[in-house]
Amino acid sequence: MRYLTDFAESHKNIVFKNLGVCEVDNVIFSRLSYLDFSAHTGKTIKDTAESFEYTADADLDKSNKNIIKTEELLRILGTTDRYKSVVISDFTELSGFNDTALSATVFKIADNTYYIAFRGTDDNITGIYEDAELAYSFPVPGQVAALSYTKSIMNANEGKFYLGGHSKGGNFALFSYAFLEDEDKERIIRVFNNDGPGFPKELVKILFAPEKSAKVVNINPEDSIVGRMLESVGKHVIIKSAAVGAGQHNVFTWITNGEKFERAEKFSAISEYMENTLTESLETISSEDMRKAAESIFGIAVNGGIASTKDINKKNTKGIVLALIQMLKSEDNGTSEISDVIKMLIKNLLDSNEVEKLIADSITDLKDKSDFRQQLSEMIRKYNKD
C-alpha cells in the first residue's frame, strides 16, 4: 500500500506546471499546517526543510508521533522538484480561551496560485472534543478568525486560491468560503474539507446554494466519524485507510492511488450509525443539551481509558461500556447528571444489530463474563422501557 510519503517520492520530478494541485497534494499541504513555521515565513519548502528545528531524538518518545511523521514528510518534500520551490508564508497562530483558536499557513505553489491551509485537531481526545464543539456553538472564535485571515490574504495577493484543512481545519476552510463576497468566491479554485465537520442543517440551506457547493470536495475515510458530524455540502469522496474505526481520521493512514486516494464503495456501518445518530437524530436538540452530551461523551472516553483515537478499538470497548454502566449507576444514585442526548445515544447503540458482536469481541479477557453480561442486560432493559 502507498501513502502520502510514497506519493511525494513517486511524483518528485513532476512539477506543478505539468500536473496541477490534486487531492493528495491538498492533504499534504493540510498536514504541513500542523508544523510551526513561525521562523520560516517567506522561505521555500527546500530552505525550510534544511533549516527546520526537528524533534530531537531524546524527545521522540514523548512527542506527538504524527508531528514527527509530518517532519519526515517535510524533509522528503524539500528534496523534490515538485515541492521544493513552494513558498511558505503568513504563518499565524492565535490563542483562544484555553487552546489555539486558529493556526493557518499559506503555500505559494506558483505565480498567482496559493493554498491556504487551516490546521485542525490532532488525534487526542481533547482535539475530538474541540470538533464536537462546532455542533453546539456557532460561530466559534476560530471560524471568525479563519474568515478574517482568508480575506486578508486574498486582499494582499492577486490570483487564485485553494482553501483546505484537516478535521476542524476543513470546517474553517468551509466557513471562510461560505462568507466570502461573491467576487472573492470566484477566485477560489477548490475548497477541500478533509474529514472535517459540516454545519447545522438550517445554516447549510442558507449558506450553500447548489451552485456555491460545486467547488467543495469532502474527503472522508469509510469509517469517518468526525467528518460525518453535522450537515455536509458539495462532493463526497469516500476513501480507504489502513487503519480501522476512529484511527482512520489520521491522514497518514490514507491509501493513495496515483494522484488520488484509493476509493471505497460506501461508508461503513459505524460511520452511517454516527451520521444517523449525531446528525439526523440530534437536529432538534438544544445547544445546551448538545454541550452536555459532548462533555458526557468526553467523560466516557476518559473513564474508558481513551487518550487518543488510536486507543479506540475492540479491546477497550470493554472500558467504554463499563464507563457507561458506572455513569448510569451514578445517575440512579443521584450523583451525576446525564443529558437526554446521552440516554438516546445509549439506547440507539443497544438497539443496534452489532452490539452483541461488539461486546463479545471486547470482553474476551474478562474473568467474570456472566456478571458483565448481566449488567449489560440490565442496561438494555432499562433503556428499552424508555
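Residues numbered from 1 in each chain as written. Predicted model: local features only at pLDDT ≥ 70, side-chain atom pairs only at ≥ 80, totals over all residues. Heavy atoms only, no water.

Help me understand the overall build of the protein, please; the structure alone is not making it clear to me.
When helices and strands are counted, the protein shows 16 helices and 9 strands. The buried share of the protein, reckoned over its 386 residues, is 51%. Pairs at least 24 residues apart make up 71% of the contacts formed inside the protein by residues separated by at least 6 positions. Accessible surface for the protein amounts to roughly 18,100 Å². Of this, 49% is attributable to carbon and sulfur atoms. (Helix = DSSP H or I, 4+ residues; strand = E, 2+ residues; numbered from the N terminus. Buried < 20%, exposed > 50% of the residue type's maximum accessible area, 1.4 Å probe, protein only. Contact = heavy atoms within 4.5 Å. Areas by Shrake-Rupley, 256 points an atom, 1.4 Å probe, with all protein chains shown as cover.)

Looking at this structure, how should I read the pairing of strand 4 (residues 160-166)?
On a regular strand, each side chain points to the face opposite its neighbour's, so the side chains alternate between the two faces of the sheet. Counting buried positions along strand 4 yields 6 of 7 residues, so the element is predominantly enclosed. Bridge analysis of strand 3 (residues 113-118) against strand 4 gives 6 bridges, and the strand direction is parallel. The residue bridging Tyr 115 from the neighbouring strand is Tyr 162, located in strand 4. When strand 4 meets strand 5 (residues 188-194), the two strands line up parallel, connected through 6 bridges. Counted as the bridge partner of Gly 164 is Phe 192 from strand 5. (Pairing = 2+ DSSP bridges.)

It is not clear to me how the packing of aromatic side chains should be interpreted in this structure. Could you clarify?
Centre distance and the angle of the planes are the two values used to describe a pair of aromatic rings. Inspection of every chain in the model, using the stated rule, returns 15 aromatic pairs. Ring centres of Tyr 115 and Tyr 162 lie 6.3 Å apart, and the angle between their planes is 15°; this geometry places the pair in the stacked category. Here Tyr 162 lies in strand 4 and Tyr 115 lies in strand 3, a separation of 47 residues in the sequence. Judged on exposure class, the residue Tyr 115 and its partner Tyr 162 are both buried. An angle of 40° between the planes, with centres 4.7 Å apart, marks the rings of Phe 175 and Phe 179 as tilted. Taking relative accessible area as the criterion, Phe 175 reaches 4% and is therefore assigned buried. Feature note: the residues Phe 16, Phe 29, Phe 37, Phe 52, Tyr 54, Tyr 83, Phe 107, Tyr 115, Tyr 162 and Phe 192 constitute an aromatic cluster, connected by ring pairs. If you follow Arg 75 out to its NZ or CZ, it ends over the ring of Tyr 54, 3.7 Å from the centre. Over the ring of Tyr 83 we find Arg 82; its NZ or CZ atom is 6.0 Å from the centre of that ring. (Phe/Tyr/Trp six-rings, centres within 6.5 Å; stacked < 30°, edge-to-face > 60°. Lys NZ or Arg CZ within 6 Å of the ring centre and 35° of its normal.)

Explain the packing of helix 6 (residues 141-156) against helix 7 (residues 168-178) here, please?
Each pair of packed helices can be summarised by the angle the axes make with each other and by the distance between the axes. Packing of helix 6 against helix 7 brings their axes to within 8 Å, and their N-to-C directions diverge by 60°. It follows that helix 6 is oblique to helix 7 by the angle criterion. Our pair here, helix 6 against helix 7, has a crossing hand that is right-handed. Packed against helix 6, whose contacting residues are Gly 142, Gln 143, Val 144, Ala 146, Leu 147 and Thr 150, the element helix 7 presents Asn 171, Phe 172, Phe 175 and Ser 176 at the interface. Here the residues of the contact of helix 6 with helix 7 sort into 5 nonpolar, 5 polar and no charged. (Axes fitted to C-alpha atoms, helices over the stretch in contact; angles between N-to-C directions. Parallel < 35°, antiparallel > 145°, perpendicular 65-115°, else oblique. Left-handed = near helix turned anticlockwise from the far one by under 90°. Nonpolar A, V, L, I, M, F, W, Y, C, P; charged D, E, K, R; others polar.)

Looking at this structure, how should I read the side chain of Glu 71?
Tracing the sequence through the fold places Glu 71 in helix 4 (residues 65-77). Nearest to the buried, unbridged Glu 71 among oppositely charged side chains is Arg 75, at 5.3 Å. (Lys, Arg positive; Asp, Glu negative; His and termini not counted. Salt bridge = Lys/Arg side-chain N within 4 Å of Asp/Glu carboxyl O.)

Where do I start with the packing of helix 2 (residues 23-32) against helix 4 in this structure?
Running from N to C, helix 2 and helix 4 cross one another at 120°; their axes reach a closest spacing of 10 Å. Classified by the angle between their axes, helix 2 and helix 4 sit oblique to one another. As for the relative orientation of helix 2 and helix 4, their crossing is left-handed in sense. Across the interface between the two elements, Ile 28, Arg 31 and Leu 32 from helix 2 touch Asn 66, Ile 67, Thr 70, Leu 73, Leu 74 and Leu 77 from helix 4. A class-by-class count of the residues in the contact of helix 2 with helix 4 yields 6 nonpolar, 2 polar and 1 charged.

Before we go on, may I ask you to explain the confidence of the model for the protein in this structure?
In low-pLDDT segments, the atomic positions of the prediction should not be examined closely. On average, residues of the protein score 78 in pLDDT, and 64% of them are at 70 or above. Predicted confidence for residues 352-359 stays below pLDDT 50, and this span has 8 contacts to residues more than four positions away or in other chains. Within the model, pLDDT remains below 50 along residues 361-367, and this stretch shows 12 contacts once partners closer than five positions in the same chain are excluded. (pLDDT = per-residue confidence, 0-100.)

Quick question: what am I supposed to make of the pattern of salt bridges here?
Oppositely charged side chains are able to pair whenever their charged atoms sit close together. Per the counting criterion, the structure on display carries 7 salt bridges. Taking the shortest distance from any N to any O, the salt bridge between Lys 46 and Glu 50 comes out at 3.0 Å. Here Lys 46 and its partner Glu 50 are both found in helix 3 (residues 45-51), 4 residues apart, which amounts to about one turn of the helix. A residue is classified by how much of its surface remains accessible, and Lys 46, at 33% relative accessible area, is partly exposed. Here Asp 81 ties to Lys 84 by a salt bridge, and the two come within 3.2 Å at their closest N and O atoms. For Asp 81, a relative accessible area of 35% gives the class partly exposed.

What exactly am I supposed to notice about helix 2 here?
Since the α-helix packs 3.6 residues into each turn, any two residues three or four apart lie on the same face. Taken across its 10 residues, helix 2 has 10 buried, putting it largely inside the fold. Among the residues of helix 2, those classed as buried are Glu 23, Val 24, Asp 25, Asn 26, Val 27, Ile 28, Phe 29, Ser 30, Arg 31 and Leu 32.

Looking at this structure, how should I read helix 4?
Taking 1.5 Å as the rise per residue, helix 4 with 13 residues should run 18 Å; its terminal C-alpha atoms sit 18 Å apart, in good agreement. Three or more residues of helix 4 are buried, namely Asn 66, Ile 68, Thr 70, Glu 71, Leu 73, Leu 74, Ile 76 and Leu 77. Next to the buried residues of helix 4 lie helix 1 (4-10), helix 2 and helix 3. (Expected span 1.5 Å × (residues − 1).)

Sorry if this is basic, but what is going on with unusual backbone geometry here?
Glycine aside, negative phi is the norm for most residues, and most peptide bonds take the trans geometry. Positive phi, close to 65°, is recorded for Asn 112, a residue that is not glycine. The topology assignment puts Asn 112 in the loop between strand 2 (100-110) and strand 3. Since its relative accessible area comes to 42%, Asn 112 is described here as partly exposed. With phi around 60°, Ser 167 is a residue other than glycine that occupies positive phi space. The topology assignment puts Ser 167 in the loop between strand 4 and helix 7. We classify Ser 167 as buried; its relative accessible area is 0%.

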